[in-house]
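Per-entry structural report
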Amino acid sequence: MTLRVIVADDERPAREFLTTMLRSFEDVEIVGEAKSGKETMRLIEQTQPDLAFLDLQMPEMDGLSIVRSLRQGRIPLVAFVTAFEEHAVSAFEVEALDYLLKPVDRGRLRTTIDRAYERLERGSVAEQELFDSASFGYAQDRRDRPSTPAFRELPALEGQYIDRFPIRKHDDIYLLPVHRIASAVSEGELMHVTTIDKERYTMNYRLKTLEAKLDPKRFLRVGRGALVNVETIRKITPMPGGSYLLTLTNTQQLRVSRSQSRALRSHLLQV
């Protein structure tokens, strides 16, 4: 499989820098370039790429507006490319595949491409399962059976695991690596994220939304309102009633609910 990509940037040197780097990868095909928002919209409709590298600041329409304006089901995977970090939260909200800072590093770009392949593979499997399910019971020679489209027609799938989480604090945005997150605990409409260094960030964000973006092999639900990075668990103490008390490497302590104790035992306590 070759990853079909487009590059949109109103600055020619920046566009050429990225396209030159992309051409150095044998499994990537550049199917188009654009220098404005409206031109990008037309290019996406015409070429239907697998992945679009979009500059966040372009004439007529910025990268975020492009994603929000595309018809549902016709949106390719998107990686935003910019020299500024202040739009990271917005990029995260539109479920961008990645957020690259200029000048783009070749190794970091390779990570984005690999991530796109993984996402497309998951989408292809899901589409085939949906097709098989819809076709069950129909004659094998049915001629009007729809084919699986190469371009994604389904909504974005859950399971696009992130490696950085943008957090706004005052006027600044911090890109927090997820491996530094020790826990995330919900409290009403708020969510508290605590790091391995005991830094604490509070935001208006749903725990369930964050959970869907984190690798379930690394983050475990320990209660109705708490997620824990399993690598930060230092001690597990049995409690009356079949529950547990977790002590993390940052000294934080969290109670595991009875309903989640079985998941904890199967996830961590099996020898």
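Parameters and conventions
- Residues numbered from 1 in each chain as written.
- Predicted model: local features only at pLDDT ≥ 70, side-chain atom pairs only at ≥ 80, totals over all residues.
- Heavy atoms only, no water.
- Helix = DSSP H or I, 4+ residues; strand = E, 2+ residues; numbered from the N terminus.
- Buried < 20%, exposed > 50% of the residue type's maximum accessible area, 1.4 Å probe, protein only.
- Polar contact = N/O pair within 3.5 Å; in protein donor to acceptor, adjacent residues only side chain to side chain.
- Contact = heavy atoms within 4.5 Å.
- Phe/Tyr/Trp six-rings, centres within 6.5 Å; stacked < 30°, edge-to-face > 60°.
- Lys NZ or Arg CZ within 6 Å of the ring centre and 35° of its normal.
- Pairing = 2+ DSSP bridges.
- Expected span 1.5 Å × (residues − 1).
- Arc of directions from axis to C-beta.

**Some thoughts on the side chain of aspartate 98**
On the secondary structure map, aspartate 98 appears in strand β5 (residues 98-101). Here aspartate 98 falls in the buried class, since its relative accessible area comes to 4%. A polar contact of 2.7 Å, which involves the side chain of aspartate 98, links it to the side chain of threonine 112. Sequence-distant contacts of aspartate 98, defined by excluding residues within four places in its chain, comprise Val78, Ala79, Phe80, Arg108, Thr112, Arg115 and Arg164.

**Brief notes about unusual backbone geometry**
Here the amide bond leading from lysine 102 into proline 103 is cis, since omega sits at -10 degrees, within 30 degrees of zero. For proline 103, the position within the fold is in the loop between β5 and α5 (106-135). With a phi close to 45 degrees, glutamine 48 is a non-glycine residue in the positive phi region. Inspection of the secondary structure assignment puts glutamine 48 in the loop between α2 (37-47) and β3 (51-55). Despite not being glycine, lysine 198 has its phi angle at roughly 70 degrees, a positive value. Topologically, lysine 198 is positioned in the loop between β9 (190-195) and β10 (200-203).

**Notes on the packing of aromatic side chains**
Going through the model one piece at a time under the given rule, you end up with one aromatic pair. The ring centre of phenylalanine 25 lies 5.0 Å from the NZ or CZ of arginine 110, which sits over that ring.

**A word on the pairing of β9**
Within β9, five of the six residues are buried, which leaves the element mostly enclosed by the surrounding structure. Relative to β9, strand β8 (residues 181-187) runs antiparallel, the two sharing six bridges. Bridging across to β9, serine 186 finds its partner in methionine 191. Taken together, β8 and the strand that follows it, β9, pair antiparallel across an intervening segment of two residues, in which glycine 188 is found at a positive phi of about 65 degrees. Two strands pair when backbone bridges link them, and β9 and β10 are joined in this way by four bridges, in the antiparallel orientation. The residue bridging threonine 194 from the neighbouring strand is arginine 200, located in β10.

**With respect to helix α1 (residues 12-23)**
The terminal C-alpha atoms of α1, which comprises twelve residues, lie 16 Å apart, in line with the 16 Å expected from a rise of 1.5 Å per residue. All of the buried residues in α1 are Arg15, Leu18, Thr19, Met21 and Leu22. Buried residues in α1, looked at end-on, bunch into an arc of 160 degrees, giving them a common side. Facing away from the buried side of α1 by more than 90 degrees, the exposed set consists of Arg12, Pro13, Thr20 and Arg23.

**Points about the environment of leucine 248**
Mapped onto the secondary structure, leucine 248 falls in strand β14 (residues 244-248). It is 8.4 Å that separates the C-alpha atoms of leucine 248 and isoleucine 196, two residues lying 52 residues apart in sequence. Those residues in contact with leucine 248 that lie beyond four places of it in its chain are Ala182, Ser183, Val228, Thr232, Ile233, Arg234 and Leu254.

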